[in-house]
Amino acid sequence: MKDLAGKVAVVTGGGSGIGRGIALGLAAESMTVAIADLRLESAEGVAAEILGRGGRAFAIAVDVTSAESLEMAAKQVAAETGGVNLLCANAGVLARMASLDDHTMEDWEYTLSVNLLGVVKTVAAFLPSLRKCAPDAHIVTTASLGGLLATGGLPISAYVASKYACVGYTEMLRGELVAEQIGVSVLCPGVVASDLMNTSLKNRPEGFGRQAAPDVVPERGEGDTSVVADTSMPAEEVGPIVVNAIRANRFHIFTHPEAAMAVEKRFRRISADFEFAAKAVEKG
Ligand SMILES: NC(=O)c1ccc[n+]([C@@H]2O[C@H](COP(=O)([O-])OP(=O)(O)OC[C@H]3O[C@@H](n4cnc5c(N)ncnc54)[C@H](O)[C@@H]3O)[C@@H](O)[C@H]2O)c1
């Protein structure tokens, strides 16, 4: 989708961090942006920010773990705008920063319900609208560099597993939708300034082990994702990167190109294992 002006976008998790950055970037391209978030007041804040800059936006409440809530959101957006050209399935959580031993089943369930099934449900809810707009239609899911690299040094196993799954799902989606001329991309950010651990704690429902979650976000230096806040990318910089990649219909959208070396190292490790297997086959 090359021409974004006048088109309609939905951004889940748009009330904060990267979602806000994407929403601002899309609004700057003269898109109408539906800011969809579990926390309606945050979504309203971002919509107001966009309106204040002369853009077009409105806020909607949605819980991406609920197909019913997403259906209602899709209807609301269709009623307000008539259709959806761009879906950014961005809402995500970081439930736990601890060793695998200390990950509870609720940590796994909460993480996968938002980061994987939440994306799957979001796409399912908005795909009928997107199909009506094709070929002016594009989907961006938000995974992470942690969806390509499991060796970042942070103890976030459930998160990494969910993001690997998100990358795999999105790659399949791109293959399936190419014939319908719907573009699909996966955003794999490095560290971006946001409130991920805090919102993940605050938003965590009872059913997903609210009680089991730590009461206090760790101090910086003890495992907080904002550990690298000093060097992290401002969320506003993500918007133009996403816009650029949508126009070029790139699959992976990277915010930190310097991470290429680490990914290449991973591919070399995979290649080495293939070589090992090939030698084993040769030997019979
Ligand atoms: N910040 C980073 O360094 C970083 C790096 C890589 C990937 N990501 C990914 O970027 C995405 C955005 O995260 P962020 O860092 O901007 O964090 P954030 O917490 O600032 O934003 C996430 C937003 O999603 C919303 N949300 C959470 N659960 C929801 C649900 N069930 N339904 C609807 N909305 C929900 C939150 O209310 C919040 O507004 C996530 O998918 C995250 O995994 C972040």
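Predicted model only: the values in this text are computed from it and were never measured.

## Observations regarding the overall build of the protein
Helix and strand counts for the protein come out as nine helices and seven strands. In terms of C-alpha radius of gyration, the protein reaches 19 Å, essentially the compact-globule figure of 19 Å for 284 residues. Overall, the C-alpha framework of the protein stretches about 65 × 45 × 35 Å when taken along its three principal axes. Here the protein, with 284 residues, has 45% of them falling under the buried criterion. In the protein, 74% of the contacts between residues at least 6 apart in sequence involve partners at least 24 apart.

## Thoughts on the site of the ligand
Looking at the ligand, there are 31 residues lining it, with Gly13, Ser16, Gly17, Gly92 and Ser194 nearest. Elements supplying a minimum of two residues to the shell around the ligand: α1 (17-28) and α7 (196-203). Residue classes in the shell around the ligand are distributed as eleven nonpolar, 16 polar and four charged.

## So, the confidence of the model for the protein
For the protein, per-residue confidence averages 92 on the pLDDT scale, and residues scoring 70 or more make up 92% of the total. For residues 215-229, every residue scores under 50 in pLDDT, and the model assigns this stretch 18 contacts once sequence neighbours within four places are set aside.

## Observations regarding the environment of Val62
Along the chain, Val62 falls in the loop between β3 (56-61) and α3 (67-81). Discounting chain neighbours no more than four positions away, the residues touching Val62 are Thr12, Ala36, Asp37, Leu38, Ser69, Leu70 and Ala73.

## Points about the environment of Leu51
Along the chain, Leu51 falls in helix α2 (residues 40-52). C-alpha of Leu51 to C-alpha of Thr12: the two residues are 39 residues apart in sequence and 18 Å apart in space.

## Some words on the sheet that holds β3
Strand order across the open sheet formed by seven strands is β3-β2-β1-β4-β5-β6-β7, with parallel pairing between neighbours. Only two strands of the sheet have a single partner each, and these edge strands are β3 and β7 (252-254). Sheet twist, expressed as the mean angle between neighbouring strand axes with direction ignored, is 20°. Here strand β5 (residues 137-142) pairs with strand β6 (residues 182-188) via six bridges, running parallel. Bridge assignment links His138 to a residue of β6, and that residue is Gly183.

## Focus: the nonpolar core
If you look at the biggest cluster of nonpolar residues, it comprises 78 residues, and the most contacted ones within it are Ala9, Val10, Ala23, Val33, Ile35 and Leu87. Once residues lying within four places of it in the same chain are set aside, the contact partners of Val33 are Ala9, Val11, Ala23, Leu26, Ala27, Ile50 and Ala57.

## Some points on the packing of α3 against helix α5 (residues 117-133)
Look at α3 against α5: their axes get within 9 Å of each other, and the N-to-C directions meet at 30°. It follows from the interaxial angle that α3 and α5 lie roughly parallel. For the pair α3 and α5, the sense of crossing is right-handed. Seen from α3, the contacting residues are Ala67, Leu70, Glu71, Ala73, Ala74 and Ala78; seen from α5, they are Lys121, Thr122, Ala125, Phe126 and Ser129. In terms of residue class, the contact of α3 with α5 is built from seven nonpolar, two polar and two charged.

Rules and cut-offs
Residues numbered from 1 in each chain as written. Predicted model: local features only at pLDDT ≥ 70, side-chain atom pairs only at ≥ 80, totals over all residues. Helix = DSSP H or I, 4+ residues; strand = E, 2+ residues; numbered from the N terminus. Rg over C-alpha atoms; globule rule 2.2 N^0.38 Å. Buried ≥ 20, exposed ≤ 12 C-beta atoms within 10 Å, placed from the backbone. Contact = placed C-beta atoms within 7 Å. Near = placed C-beta within 6 Å. Nonpolar A, V, L, I, M, F, W, Y, C, P; charged D, E, K, R; others polar. pLDDT = per-residue confidence, 0-100. Pairing = 2+ DSSP bridges. Axes fitted to C-alpha atoms, helices over the stretch in contact; angles between N-to-C directions. Core = buried A, V, L, I, M, F, W, Y, C linked by C-beta atoms within 7 Å. Parallel < 35°, antiparallel > 145°, perpendicular 65-115°, else oblique. Left-handed = near helix turned anticlockwise from the far one by under 90°.

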